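One-letter residues, chain by chain:
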Amino acid sequence: QSALTQPPSASGSPGQSVTISCAGTSSDVGAYNYVSWYQQHPGKAPKLIIYEVTQRSSGVPDRFSGSKSGNTASLTVSGLQAEDEAEYYCSSYAGSINTYVFGPGTMVTVL
Amino acid sequence: EVQLVQSGAEVKKPGESLKISCQGSGYEFGGWWIGWFRQMPGKGLEWMGIIYPHNSEAYYSPSFQGQVTISVDKSISTAYLQWSSLKASDSGMYYCARFSAPTLTANRFDPWGQGTLLTVSS
């Protein structure tokens, strides 16, 4: 069972926006501004797209944005494109013992 | 270009030992932490542990402490993940990734290796 909670799936048509939530607790997401999002295409390695809640990794289009409110972080993909169809994982720093925890992933489908 | 290249797929029997590798290139290997992750079939990512190649300082997730050993050979820019006695439940994809931030709180793993698929079956 994953430490963070994500919806299993989300979808949108090309050009639309989709937002994925990532619910944690006051010990992880709520305690630190160290939430990251990773994109994983089928059969490929994960790729960092967002770190420190809102910072885009190098080369990531500005269609991807992150935010956080309380114990819940969110990833928004605006102007959906076919290549955005992938699994998205959120992750949070969770203190010196559990250190890095992940959500179960959200499959984004571009209709 | 910063790159991590992992060793190839493995098929092992329960009880056997195994060491998989992750070789870094394109950067000063000793100065950046390397993390290891498991992804079981059809499942999400799990952080296993992290090691600092400069001095081999390592930390483990409580879920993997005592189950695996993370080590490094700085002279060949390679990190390792090792099992002494494999179980069928160890089957999965294993990834290494460079920790790309100055402090371990930053939770920034980039880039990732291509993954090593482990199958443990009798």
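Computed from a predicted model, the values in this text were never measured in an experiment. (Residues numbered from 1 in each chain as written. Chains lettered and ligands numbered in written order. Predicted model: local features only at pLDDT ≥ 70, side-chain atom pairs only at ≥ 80, totals over all residues. Heavy atoms only, no water.)

## Things to note about the overall build of chain A
Part 1 of the reasoning: Tallying secondary structure elements over chain A gives one helix and 10 strands in all.
Part 2 of the reasoning: Listed N to C, the secondary structure of chain A is β-β-β-β-β-β-β-β-α-β-β in terms of helices and strands.
Part 3 of the reasoning: A globule of 111 residues ought to have a C-alpha radius of gyration of about 13 Å, and chain A, at 13 Å, matches this closely.
Part 4 of the reasoning: Along the first, second and third principal axes, the C-alpha set of chain A runs to 40 × 25 × 25 Å.
Part 5 of the reasoning: Per-residue burial for chain A yields a buried fraction of 46% across its 111 residues.
Part 6 of the reasoning: Taking the contacts inside chain A whose residues are at least 6 apart along the sequence as the reference set, 57% of them involve residues at least 24 apart.
Part 7 of the reasoning: Between the centroid of the 5 positive side chains of chain A and the centroid of its 7 negative side chains there is a distance of 4 Å. (Helix = DSSP H or I, 4+ residues; strand = E, 2+ residues; numbered from the N terminus. Rg over C-alpha atoms; globule rule 2.2 N^0.38 Å. Buried < 20%, exposed > 50% of the residue type's maximum accessible area, 1.4 Å probe, protein only. Contact = heavy atoms within 4.5 Å. Lys, Arg positive; Asp, Glu negative; His and termini not counted. Charge placed at Lys NZ, Arg CZ, Asp CG, Glu CD.)

## Topic: the pattern of salt bridges
Residue and element names in this part refer to chain A.
Part 1 of the reasoning: Under the definition given, this model contains three salt bridges over all chains.
Part 2 of the reasoning: Taking the shortest distance from any N to any O, the salt bridge between Arg-63 and Asp-84 comes out at 2.5 Å. Of this pair, Arg-63 sits in the loop between strand 5 (55–56) and strand 6 (64–69) while Asp-84 sits in the loop between strand 7 (72–77) and strand 8 (86–93); the two residues are 21 residues apart in sequence, bridging distant segments of the chain.
Part 3 of the reasoning: Look at Asp-84 and you get buried, because its relative accessible area is 2%. (Salt bridge = Lys/Arg side-chain N within 4 Å of Asp/Glu carboxyl O.)

## A closer look at the layout of surface pockets
Part 1 of the reasoning: If you add up the space inside the largest pocket, you get close to 440 Å³.
Part 2 of the reasoning: Around the largest pocket, the lining is made up of 20 residues, and of these Gln-1, Ser-2 and Ala-3 of chain A together with Leu-45 and Glu-46 of chain B lie nearest the centre.
Part 3 of the reasoning: Counting only elements with at least two residues in the lining of the largest pocket, the list comes to strand 9 (100–102) of chain A together with strand 5 (45–52) of chain B.
Part 4 of the reasoning: A per-class count over the lining of the largest pocket returns 10 nonpolar, eight polar and two charged.
Part 5 of the reasoning: There is about 230 Å³ of room inside the second largest pocket.
Part 6 of the reasoning: Around the second largest pocket, the lining residues are Ala-45, Pro-46 and Lys-47 of chain A together with Glu-1, Val-2, Gln-3, Leu-4, Arg-98, Asp-110, Pro-111 and Trp-112 of chain B.
Part 7 of the reasoning: Elements with a minimum of two residues in the lining of the second largest pocket: strand 1 (3–6) and strand 10 (109–112) of chain B. (1 Å grid on protein atoms, 1.4 Å probe; cavity = no way out; pocket = protein on both sides within 12 Å on 5 of 7 lines; lining within 4 Å. Points joined across faces, edges and corners; volume = space filled by probe spheres on them. Nonpolar A, V, L, I, M, F, W, Y, C, P; charged D, E, K, R; others polar.)

## Focus on the sheet that holds strand 2 (residues 18–23) of chain A
All names here are of chain A.
Part 1 of the reasoning: Spatially, the three strands line up as an open sheet ordered 2-7-6, and their pairing is antiparallel. Taken across any chain shown, the strands that pair with only one partner, and hence form the sheet edges, are strand 2 and strand 6. Within this sheet the neighbouring strands show an average axis-to-axis angle of 20 degrees, counted without direction. (Pairing = 2+ DSSP bridges. Axes fitted to C-alpha atoms, helices over the stretch in contact; angles between N-to-C directions.)

## Let's talk about the state of the cysteines
In a disulfide, the sulfur atoms of two cysteines are held together by a covalent bond.
All names here are of chain A.
Part 1 of the reasoning: Per the counting criterion, the structure on display carries two disulfides over all chains.
Part 2 of the reasoning: What pairs with Cys-22 in a disulfide is Cys-90, and their sulfur atoms sit 2.1 Å apart. Of note, the bridge from Cys-22 to Cys-90 carries an S-S torsion of about 75 degrees and is right-handed in sense. Remark: Cys-90 occurs in strand 8 and Cys-22 occurs in strand 2; sequence separation between them is 68 residues.
Part 3 of the reasoning: When its relative accessible area of 0% is taken as the criterion, Cys-22 is described as buried.
Part 4 of the reasoning: With relative accessibility at 0%, the residue Cys-90 sits in the buried group. (Disulfide = S-S within 2.5 Å.)

## Some thoughts on the interface of chain B and chain A
Part 1 of the reasoning: At the interface, 21 residues of chain B touch 22 residues of chain A.
Part 2 of the reasoning: Interface of chain B and chain A: buried area, both sides summed, is about 1,800 Å²; carbon and sulfur atoms make up 57% of it.
Part 3 of the reasoning: The largest per-residue losses of area from chain B upon contact with chain A belong to Leu-45, Trp-47 and Asn-107 of chain B, which jointly make up 34% of the total buried on that side.
Part 4 of the reasoning: There are one salt bridge connecting chain B and chain A.
Part 5 of the reasoning: We note a salt bridge from Arg-108 of chain B to Glu-52 of chain A, for which the minimum N-O separation is 3.2 Å.
Part 6 of the reasoning: Between the two partners, chain B and chain A, sit 11 residue pairs in polar contact (both at pLDDT 80 or more).
Part 7 of the reasoning: Going through the elements one at a time, strand 4 (34–39), strand 5, strand 9 (92–99) and strand 10 of chain B are the ones with two or more residues in the side of chain B that touches chain A.
Part 8 of the reasoning: Its residues placed into classes, the side of chain B that touches chain A shows 12 nonpolar, six polar and three charged. (Buried area = accessible area lost by both parts, 1.4 Å probe. Polar contact = N/O pair within 3.5 Å; in protein donor to acceptor, adjacent residues only side chain to side chain.)

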